[in-house]
Amino acid sequence: MMSRVTPTNLEDFWRLRAPERQLLLWALLIALLGYLMLLGAQTKEGLDVRLSALIPLLVFMGAFVSAHLSLVLARFRGDQLLLPVTALLSAIGLMAQARTGLLGAGALHGSKLALLPLGVALMLTITIAGRQGRYRLAARATWVWGVFSLLLMALVLVTGQRYRGAVYGLGLITPTELLKLTMVLFTAAFVDQHIKRLSRWRGLLPPLAPHWRLLLVWGALLSMLLLQRDLGLVLILGLTLIAVLAAGTRQPGYLLYGLVLGGAAGAVLIRFFSHGLSRVEVWMNPFTDPTGAGWQVLQGLSGMYAGGLWGEGFSEARPRYTPIAESDLIYAVWAEELGFAGSLLLLLLFAVLLTRLLTLAARARTPFGLMAATGVATVLSVQTVLNVGGVTKALPLTGITLPLISHGGSSLLTVFASLGLVLAISDGEPVKSRAKTSAPKVAPKASKTSKATNMPDVYRVGYGLRRKGGVKPVKSSPQ
Amino acid sequence: MDLLNDLFRSPPWEAMRVGLHLAFALALLFWLWQALRLRAAVSLRHLARPRAWLLPAVGLLTLALVAILTYQATWQLGGMARPQFIAFMQLHDRRQFNPAHWVQRGRILDRRGRVLAESHNRDGAAERVYPYGPVFAHAVGYADPRFGLSGIEAIANRALNGATLQSLGDWGELGRQVLTQSKRPRGQDLVTTLDAELQQLAVKRIAAAKPVGRGAVVILRPTDGAVLVLASVPGFDPNRLQPTVFTGADATNPLMNRATQGQYPPGSSFKVVLAAQALETGFHGRLDCPAEGYTTSSRYRPIRDHEYYEAKRAGRAWAGHGPLDLSTALAKSSNVFFAQLGILGGHRAFAATGQRFSFNRSIAFVGGPSGTLRLQSARLEPIPERDRYGLAQAAIGQGRVTATPAYMALIAAAIANEGVAMRPRLLRDRPPETLTRFMSADTARRLRVMLRGAVSEGTGRGIETDGLEIAGKTGTAENPQGASHSWFIGFAPASAPRLAFAVLVEHGGYGSTVAAPIARDLLLKAAEQGL
């Protein structure tokens, strides 16, 4: 039993978060280097670099520096890797979007500029509000998330506009992006409530009775998404549901049954959706219609081939021949300009982010935290794999954005909100409150058995919400 | 800011730019290393121990990313090995710096190293030049950014683009191109089995033939299938491809490869097939061939010999051949004899012969690195049992049977090669392949003697030349489009054949007077070259 002193005052937290600071400062330096490369390329096109060109960089730096400071001030003891890696990926997103002309001269609109700080602020708000176990308040609002998701989906279905073969949303905002967070919260909260019954399998069969409300909501949502022909989102959410169920109940059977059933349903569905079938056909052989259906992916691949191993670097030859470069195919732009080496670095960063998310999920102290974080990690992992796989033709192109890199306000804000949630979960639980729970004697015993028996009940350790006042955790929980 | 602008415009900026990119990449690597190193510092003691599924989950994610990167590399780094992809980029990619625009396709050479196709650089783009123009339009084909690829250009596209990775050196070259981002990948030169001189002569003679100047010539080596001449006239100029070339679909269409795809009634040249069938089934003895001809029913016009028509035209009487044996009938090309022979053999034997001779097939040439050319064999719908007249007609190469010149050359080659047909071959470095056996070695040997007789004292005696020892069969094929097609198929020298050939002149008239002399002149030319 160790007795490490938990940081209490601000100075302690300043010292505690030194690794985050160090990594973040390096990330900002890297962003500065990248921005210099960017401006140099702009000059090549005959444009003078004006002071205003530095505004996006300064905004970016300001946002992340204040994020770090806020976390210190909030005495946040959660994860320290997530913020710097998010900053790095955001910097890369900034550069990539600048290269596609979104941040060029004249395109410096306030709304675009405000998006990043807005996202960071959203992330911080959720993190700080949900720290020290308060994120579990979200678990009480099961049906708020469920009903909100369904209503949102219905609204989009009624008012949405068709764009590139699928219904996306209201104008250029894509509200369905929000589902990636709200459905994760709904599922995590629902399973949290019924975790005992859901974990109790009869032999090889999952319990069906406690599922029906969950299945009803999911069925309604997925069929609306299918009506909308948003196959990519169906895939993301479906996999997330399975992952959350399996991780929360510790029943790998959910994974197995889910994949088998989902695969079968997918195989049947894809025959009925000409939209889906044609995408698969294009994927299998883009050369049958190279100037039509195969155009996007082939142009992306052409750019990547032109880039080769090292790429041309940011130079006068802008990637203006890649279609939908700023959103779906932004990975192709990056790989074209910085070559295979550049895309390897980018994917390494994604690996760091996603691995970290998975780690935080796997180490969460409450079942709800575990499931919510697992959900977020799954959403972002599947999204990344689908996007990068689609652009490189390893998978069919599904029209999914690359988290943090692609242009798109709804997507960006949802990602930041999701990261905020995981950050909040990584802060752990209030230690002191354990004493106030109804079963104080059971708790320490349970915490020991937690490793031995893997009973979900042990999550109840430290359960109890502080209703007011700052929490001062005195000691780290016994491990 | 001015300082920055001046810096970006100064000459050293180019070097600094590269350095900046390098610094960027190195800083990223350093960051990653640090993130790993600081793991201890950012460990999460206040959280639970990781669940057991963490490792498999991370493993799965890593696997997915590695798989995607690997696949990406096959396009981004190894795209050269995807001919369709290269062709797509050559057509549709407007990025000036895309190496696909700079591919120096390898040259295509004839068997003596004469250049049939090569690439030049013009205004920064690679341009394909065909020194012989229309002569090799079908065999060599074209590689055009607008119209794609055909012929040898297509079947050897990967090698010509420098994309066949066969030896260690090829892999080394690819590695060099990837690492240095060489903007001028260079393809491999390709040596064909074609002979430019012979091909030129063949095209010239066919084009000069009256009345339409269309036709085809195929010459190949019986022993290994090496094709020396694959000529189809009219051709088109691959140096100046026009969309109009691709629109016409009538008989005069220059795009069609008459040698491999043109289906013509083979006429008497088809009698070698019947002769082979008769020898295989043990036919011997004589058949009576009267002047009034032969028919299966009084309702049908009798099948007569050409001597009858000649005599009739000259106002003379002709007594008919009388009893003929197979050898003499082949030499004299007696329709009456072979029509009877066909009926005698019957429908079943004829169908079996068709099977054995690969009728109604598409025969592949020896494959290239990225595809293969094909030739159509004879085309013949099954003849119903009750249609005896149809069988009699097919037996003399008329009626419902058609064949391509390349296929007829293949039959001649099989006779010359102990009955075994070798797969036609255009690329010198591809090893010979056996296609199939058309007939027994004994049959082939006896046919060889008979075909020699057809030239030394039969219908082909007009081209008998000392020293060439030509063996062959003429054909004069009636057709609904106009004057008879003129055929001559055979091989030389008869005792030890080195070349087999088929010559077709559309609407040329008698095989013995139009097609046969062309074949003789080509053989003379070949003999000059020591072939």
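None of the values given here were measured: they were computed from a predicted structure. (Residues numbered from 1 in each chain as written. Chains lettered and ligands numbered in written order. Predicted model: local features only at pLDDT ≥ 70, side-chain atom pairs only at ≥ 80, totals over all residues. Heavy atoms only, no water.)

**Some remarks on the overall build of chain A**
Secondary structure assignment for chain A yields 18 helices and 2 strands. Considering chain A as a whole, with its 479 residues, one finds that 59% of them fall into the buried category. Residue pairs in contact within chain A that sit at least 24 positions apart in sequence constitute 79% of those at least 6 positions apart. Of the roughly 18800 Å² that chain A leaves accessible, carbon and sulfur atoms contribute 68%. (Helix = DSSP H or I, 4+ residues; strand = E, 2+ residues; numbered from the N terminus. Buried < 20%, exposed > 50% of the residue type's maximum accessible area, 1.4 Å probe, protein only. Contact = heavy atoms within 4.5 Å. Areas by Shrake-Rupley, 256 points an atom, 1.4 Å probe, with all protein chains shown as cover.)

**Topic: the overall build of chain B**
Counting its regular elements, chain B contains 17 helices and 17 strands. Here chain B, with 531 residues, has 57% of them falling under the buried criterion. Within chain B, counting contacts between residues at least 6 apart in sequence, those at least 24 apart form 67% of the total. A total of about 22400 Å² of accessible surface is found on chain B, and carbon and sulfur atoms cover 55% of it.

**So, the interface of chain B and chain A**
Contact residues are listed per partner, giving 67 residues for chain B and 100 residues for chain A. Our enumeration of links across chain B and chain A arrives at 0 salt bridges. Summed over the shared surface of chain B and chain A, the result is 14 residue pairs in polar contact (both at pLDDT 80 or more). Top element by residues in the side of chain B that touches chain A is helix H2 (residues 13-37) of chain B. It accounts for 17 residues. Residue classes in the side of chain B that touches chain A are distributed as 45 nonpolar, 11 polar and 11 charged. (Salt bridge = Lys/Arg side-chain N within 4 Å of Asp/Glu carboxyl O. Polar contact = N/O pair within 3.5 Å; in protein donor to acceptor, adjacent residues only side chain to side chain. Nonpolar A, V, L, I, M, F, W, Y, C, P; charged D, E, K, R; others polar.)

**Examining the sheet that holds strand E15 (residues 471-479) of chain B**
Residues and elements named next belong to chain B. Strand order across the open sheet formed by 5 strands is E8-E7-E17-E16-E15, with antiparallel pairing between neighbours. Since the sheet does not close on itself, it has two edges, and those belong to strand E8 (227-233) and E15, each with one partner. With direction set aside, neighbouring strand axes in the sheet form an average angle of 5°. Pairing geometry for strand E16 (residues 482-492) and strand E17 (residues 499-505), over 7 bridges, is antiparallel. For Gly490, the partnering residue across the bridge sits in E17 and is Phe501. On the sheet, helix H17 (residues 511-528) packs against strand E7 (215-220), E15, E16 and E17 and is oriented at approximately 140° with respect to E17. (Pairing = 2+ DSSP bridges. Axes fitted to C-alpha atoms, helices over the stretch in contact; angles between N-to-C directions.)

**Things to note about the UniProt feature "transmembrane region" (unreviewed entry) in chain B**
Residue and element names in this part refer to chain B. When the UniProt feature table is mapped onto this chain, "transmembrane region" (unreviewed entry) is found at residues 15-33 and 53-75. Secondary structure within residues 15-33 divides into 100% helix and 0% strand; the distance between the first and last C-alpha atoms comes to 27 Å. Spanning residues 53-75, this segment combines 96% helix with 0% strand, and its end C-alpha atoms are found 34 Å apart. (UniProt positions renumbered as here; feature names shortened; annotations may be inferred.)

**Thoughts on the pattern of salt bridges**
All names here are of chain B. Taken as a whole and assessed by the stated rule, the structure comprises 32 salt bridges over all chains. A salt bridge links Glu197 to Arg114, with the nearest nitrogen and oxygen atoms 3.0 Å apart. A residue pair is termed long-range when its members are at least 10 positions apart, and Glu197 in helix H8 (residues 196-208) and Arg114 in the loop between strand E1 (108-109) and strand E2 (115-122) qualify at 83 residues. Across the pair Arg445 and Glu418 runs a salt bridge, and its minimum N-O distance is 3.1 Å. Separated by 27 residues along the polypeptide, Arg445 in helix H16 (residues 441-456) and Glu418 in the loop between helix H15 (405-416) and strand E13 (420-422) bring together distant segments of the chain. Its relative accessible area of 41% is what places Arg445 among the partly exposed residues. Relative accessible area serves as the criterion here: at 30%, Glu418 is assigned to the partly exposed category.

**Some details on the pairing of E8 of chain B**
Residues and elements named next belong to chain B. Counting buried residues along E8, 7 of its 7 residues qualify, which places the element largely inside the surrounding structure. Where E7 lies against E8, 6 bridges are found, and the strand directions are antiparallel. The residue bridging Ile219 from the neighbouring strand is Val229, located in E8. Linking E7 to E8, which pair antiparallel, is a turn of 6 residues; within it Gly225 sits at a positive phi near 80°.

**Description of the packing of aromatic side chains**
For the structure shown, the criterion picks out 27 aromatic pairs over all chains. A ring pair is formed by Phe186 of chain A and Phe190 of chain A, whose centres lie 6.0 Å apart and whose planes are at 40°; its orientation type is tilted. A residue pair is termed a helical-turn pair when its members lie 3 or 4 positions apart in one helix, as Phe186 of chain A and Phe190 of chain A do in helix H8 (residues 179-193) at 4 residues. Look at Phe186 of chain A and you get buried, because its relative accessible area is 0%. Assessed through its relative accessible area of 0%, Phe190 of chain A is described here as buried. Within the aromatic cluster, the residues linked to one another by ring pairs are Phe287 and Tyr305 of chain A together with Tyr71, Trp75 and Phe85 of chain B. Taking the ring centre of Trp14 of chain A as reference, the NZ or CZ of Arg21 of chain A above it sits at 3.6 Å. Sitting over the face of the ring of Trp33 of chain B, Arg37 of chain B holds its NZ or CZ atom 5.3 Å from the ring centroid. (Phe/Tyr/Trp six-rings, centres within 6.5 Å; stacked < 30°, edge-to-face > 60°. Lys NZ or Arg CZ within 6 Å of the ring centre and 35° of its normal.)

**Quick word on the packing of H8 of chain B against H17 of chain B**
All names here are of chain B. Closest axis-to-axis distance for the H8/H17 pair is 10 Å, and the angle between their directions is 160°. In terms of axis orientation, H8 runs roughly antiparallel to H17. As H8 packs across H17, the resulting crossing turns out to be right-handed. Residues Glu197, Leu198, Leu201, Ala202, Arg205 and Ile206 of H8 lie in contact with H17, whose contacting residues are Pro517, Ile518, Asp521, Leu522, Lys525 and Ala526. In terms of residue class, the contact of H8 with H17 is made up of 8 nonpolar, no polar and 4 charged. (Parallel < 35°, antiparallel > 145°, perpendicular 65-115°, else oblique. Left-handed = near helix turned anticlockwise from the far one by under 90°.)

**A short note on the side chain of Arg131 of chain A**
Residue and element names in this part refer to chain A. Assignment of secondary structure puts Arg131 in the loop between helix H5 (110-130) and helix H6 (137-140). Despite its burial, Arg131 remains without a salt bridge, the nearest opposite charge being carried by Asp427 at 4.9 Å. In terms of polar contacts, Arg131 uses its side chain to reach the backbone carbonyl oxygen of Ala74, at 2.9 Å. Discounting chain neighbours no more than four positions away, the residues touching Arg131 are Ala74, Phe76, Ala424 and Asp427. (Lys, Arg positive; Asp, Glu negative; His and termini not counted.)

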